[in-house]
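Chains, contacts and geometry: an overview
The primary structure of each chain is shown beneath.
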Amino acid sequence: MKKSKIIFTFNAPAVLCFALLSLGALGLSILTGGASSRMVFSVYRSSFLNPLSYVRLFCHVLGHTTFSHYVSNMALILALGPIVEERYGSWRLLFMFAVTALVSGLFHIFFGGNSMLMGASGIVYMLIFLASTSGAKGGEIPLTLVAVAALYLTQEIMGGLFSADNISHLSHIVGGICGAVMGLFRHR
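Here goes a summary of the coordinates provided. (Residues numbered from 1 in each chain as written. Predicted model: local features only at pLDDT ≥ 70, side-chain atom pairs only at ≥ 80, totals over all residues. Heavy atoms only, no water.)

**Notes on the packing of helix α1 (residues 13–31) against helix α5 (residues 90–111)**
Note the cut-off: Every axis in this analysis is a line fitted to C-alpha atoms, fitted for helices over the stretch in contact. Angles between the N-to-C directions lie between 0 and 180 degrees. Per the convention used, a helix needs a DSSP run of H or I reaching at least four residues, while a strand needs a run of E reaching at least two, with both numbered from the N terminus. If an angle is under 35 degrees, it is roughly parallel; if it is over 145, roughly antiparallel; if it lies from 65 to 115, roughly perpendicular; otherwise it is oblique. Should any heavy atoms of two residues lie within 4.5 Å, those residues are considered in contact. Classification used: nonpolar for Ala, Val, Leu, Ile, Met, Phe, Trp, Tyr, Cys and Pro, charged for Asp, Glu, Lys and Arg, polar for all others including Gly.
Contact geometry of α1 with α5 gives a least axis separation of 8 Å together with a crossing angle of 45°. In terms of orientation, α1 lies oblique with respect to α5. Residues P13, A14, V15 and F18 of α1 touch α5, and the partners they reach there are S90, L93, L94 and F97. Here the contact of α1 with α5 is built from residues that sort into seven nonpolar, one polar and no charged.

**Observations concerning the packing of aromatic side chains**
Here is the rule we go by: Pairing of aromatic rings covers Phe, Tyr and Trp, the last counted by its six-membered ring, and requires centre-to-centre distances within 6.5 Å; plane angles under 30 degrees mean stacked, over 60 mean edge-to-face, and any other angle means tilted. Accessible area is worked out with a 1.4 Å probe on protein chains only. A residue is then buried under 20% of its type maximum, exposed over 50%, and partly exposed in between.
Within this structure, the stated rule accounts for five aromatic pairs. Between the aromatic rings of F18 and F97, the centroid separation amounts to 5.0 Å while the plane-to-plane angle is 65°, which identifies the pairing as edge-to-face. With F18 in helix α1 and F97 in helix α5, this pair connects stretches of sequence that are 79 residues apart. Comparing F18 with F97 shows no difference in burial state: the two are buried.

**Observations regarding the environment of N73**
Within the fold, N73 resides in helix α4 (residues 67–88). Looking at N73, the relative accessible area reads 6%, which means it is buried. For the pair N73 and S29, spaced 44 residues apart in the sequence, the C-alpha separation amounts to 17 Å. Sequence-distant contacts of N73, defined by excluding residues within four places in its chain, comprise H64, G119, A120, S121 and V124.

**Examining the side chain of S132**
By the element assignment, S132 lies in helix α6 (residues 121–132). By relative accessible area, which is 7% here, S132 ends up buried. When sequence neighbours within four positions are dropped, the list of residues in contact with S132 reads P142, T144, L145 and V148.

**Observations concerning the side chain of S171**
Inspection of the secondary structure assignment puts S171 in helix α8 (residues 169–186). Given a relative accessible area of 6%, S171 falls into the buried group. Those residues in contact with S171 that sit more than four places away from it in its chain are S104, L117, S121 and G122.

What follows is the structure, given as structure tokens:
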């Protein structure tokens, strides 16, 4: 009788490292009573003379308010991320994470009011839209992208207009646009 063994593989290093860094940021936030989140892992209007303002533009996607917030983002990132990382490569995906973090952070600073933004939901939407462009060929726009855009953008616009929640619908929309643009651009 042949013995079978289970082998774990480090199949998506960028996605797994992102999830671990986000978990570390959440742990640090809990240990510091939220001070690390306010200082590093959230983005808000502040002077650009402060060097941490630039760090926050990228690191806000690592911060999460609660473990439940972390899990809701990471479940989708860990489900979609490996597929996208296999297609585009780890370094390119990390670059896409950084671009999405920067763009969503800047949009929040300029259009998000005086609130703080933290969490990886912009990255989640970027991955959803990026995955929906995976079947694109030069000069084509996949119908799956149109369907995803119609569903998610309608949901986010309606949520932004008609609900008083603590969800940044703007960062979801910006993340989705980043994913769609980067996905279509990569196929050209």
